[in-house]
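The residues making up each chain are set out below.
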Amino acid sequence: MSLSSSLSFAPSTMTTRKSTKLRIPHSQDDCELVGILEQLSPKESTQGRKIALILHGTMGHKDYLFQKRLALRFPMDSFRFDFRGNHESGGQRTQGGFAKDVEDLVTVVSYLRNTYGYEIDVVVGHSRGSVVGMYWLCTSEEGQHARAMVNVSGRYRMHRIYDVAETYKEQWDAKGYYERTVTVARQAVVERIYPQDLEEFSQWNTAIVWDKFPDQIDVLTMHGLVDKTVPTYDAVIYSRALGARTPGTHSLHLIEEADHNFTNRQDEVVDCILEWWDALNQGRLKTGILMTGLRGKL
């Protein structure tokens with residue numbers, strides 16, 4: 001265990017907030033997982049304190065899209081990190097390696113519990129991070145005690161990854177893998193996708209949420225209506241799967257003209273999450289469309 005740096009963030013409304021970069025050893029891949037711990041009251045004991053986990057998606061990182069913005073506004077301690085093989089974390093990532101992502105999450109939770117005494121209260125995931133977060137909630141002891149989940153752009157129909165297979169076919173036939181260069185944290189990263197990656201990806205079990213998702217967890221699902229990466233209808237499926245539980249609720253919020261990454265709409269995502277969180281803590285949530293009965297922008 002090591003702390004590589006301590007970064008101060010002190011807006012006038014919350015002068016005690018502290019950001020600390022953590023490097024968490026990972027025995028499964030002999031690497032470190034790098035993340036940022038946000039603490040509202042760093043001088044107070046963390047034993048038994050609630051914390052939020054913020055999880056990024058494919059080829060993302062801990063500070064992209066809305067993740068950092070949410071962490072700096074969320075009224076609770078939080079931890080966001082780079083999954084294995086992403087940005088600052090070591091190890092190797094693969095397109096279909098969801099099981100390794102779950103291992104990373106288990107390692108992080110264990111570290112936060114054993115080192116600080118934190119208890120996971122809410123998981124916020126984007127895309128792949130949502131899929132991983134929901135699976136962890138379904139299969140872990142700690143997940144059974146969480147209160148909330150935010151599912152942003154989460155995929156349910158994993159087989160739809162084959163919708164993009166035609167793009168890969170020419171390179172697959174020529175050299176056995178598809179190679180592309182993407183920008184991650186302003187750095188060029190080369191990714192190789194093999195046919196077996198799509199097969200492994202497509203077989204990941206998202207249907208576990210129907211029977212194993214904890215009944216008490218309140219869920220917010222957000223999705224853009226022009227998402228070309230994950231069909232918007234997947235959000236409807238999650239609404240069906242999670243909407244009949246009790247006492248937990250499911251709130252659905254669809255954003256017009258928003259894409260998979262909510263380009264230029266990240267503050268809107270954060271505002272929505274914070275409004276939902278406030279309603280949760282006031283006991284005002286009901287299963288259905290979020291913010292019904294409120295007159296807003298139409």
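Not measured: the values here are computed from a predicted model.

**Q** Would you mind going over the overall build of the chain in detail, with residue names and values included?
**A** Scanning the chain from terminus to terminus reveals eight helices and twelve strands. Here the chain has a C-alpha radius of gyration of 19 Å; the compact-globule value for 298 residues is 19 Å, and the two agree. Across its three principal directions, the C-alpha atoms of the chain cover 60 × 45 × 35 Å. By the burial criterion, 54% of the 298 residues in the chain qualify as buried. In the chain, of all internal contacts separated by at least 6 residues, the share reaching a separation of at least 24 is 72%. On the chain, roughly 14200 Å² of surface is accessible, and the fraction owed to carbon and sulfur atoms is 48%. If the 35 positive side-chain charges of the chain are averaged to one point and the 38 negative ones to another, these points end up 4 Å apart.

**Q** Any details on empty space enclosed by the protein? Residues and values, ideally.
**A** Counted according to the given criterion, the structure contains two cavities of 30 Å³ or more. By volume, the largest cavity is sized at about 90 Å³. Lining the largest cavity are 15 residues, with Arg84, Asn86, Arg93, Asp101 and Arg128 positioned closest to its centre. When residues in the lining of the largest cavity are grouped by element, the largest group, three residues, is from helix H2 (residues 98-116). In the lining of the largest cavity, the residues fall into two nonpolar, seven polar and six charged. By volume, the second largest cavity amounts to about 40 Å³. Every residue lining the second largest cavity is listed: Val131, Met134, Tyr135, Trp204, Asn205, Thr206, Ile208, Val209 and Tyr238. Those elements that place two or more of their residues in the lining of the second largest cavity are helix H3 (128-139) and helix H6 (208-212). The greatest single-element share of the lining of the second largest cavity, amounting to three residues, is contributed by H3. Looking at the lining of the second largest cavity, its residues break down into seven nonpolar, two polar and no charged.

**Q** Got a sec to walk through helix H4 (residues 165-175)? Specific residues and values, please.
**A** Buried within H4 are the following residues: Ala165, Tyr168 and Trp172. Viewed end-on, H4 has its buried residues packed into an arc of 60°, placing them on one side of the element. Counted as exposed and oriented over 90 degrees from the buried face of H4: Glu166, Thr167, Glu170, Asp173 and Ala174. Backbone geometry just after H4 places glycine 176 at a positive phi near 90°.

**Q** Give me the lowdown on the nonpolar core, citing residues and values where you can.
**A** Residues Leu53, Phe79, Leu112, Val209 and Phe213 are the most contacted members of the largest nonpolar core, which totals 49 residues. Setting aside its immediate chain neighbours within four residues, valine 209 contacts Met134, Cys138, Tyr156, Tyr238, Ala241 and Leu242.

**Q** Quick rundown of the environment of alanine 258? Include the residues and the values.
**A** Structurally, alanine 258 can be placed in the loop between strand S11 (250-255) and helix H8 (266-281). Since its relative accessible area comes to 0%, alanine 258 is described here as buried. In sequence terms alanine 258 and valine 226 are 32 residues apart; their C-alpha atoms lie 5.6 Å from each other. Once residues lying within four places of it in the same chain are set aside, the contact partners of alanine 258 are Gly224, Leu225, Val226, Asp227 and Arg265.

Reading the values: the criteria
Residues numbered from 1 in each chain as written. Predicted model: local features only at pLDDT ≥ 70, side-chain atom pairs only at ≥ 80, totals over all residues. Heavy atoms only, no water. Helix = DSSP H or I, 4+ residues; strand = E, 2+ residues; numbered from the N terminus. Rg over C-alpha atoms; globule rule 2.2 N^0.38 Å. Buried < 20%, exposed > 50% of the residue type's maximum accessible area, 1.4 Å probe, protein only. Contact = heavy atoms within 4.5 Å. Areas by Shrake-Rupley, 256 points an atom, 1.4 Å probe, with all protein chains shown as cover. Lys, Arg positive; Asp, Glu negative; His and termini not counted. Charge placed at Lys NZ, Arg CZ, Asp CG, Glu CD. 1 Å grid on protein atoms, 1.4 Å probe; cavity = no way out; pocket = protein on both sides within 12 Å on 5 of 7 lines; lining within 4 Å. Points joined across faces, edges and corners; volume = space filled by probe spheres on them. Nonpolar A, V, L, I, M, F, W, Y, C, P; charged D, E, K, R; others polar. Arc of directions from axis to C-beta. Core = buried A, V, L, I, M, F, W, Y, C linked by side-chain atoms within 4.5 Å.

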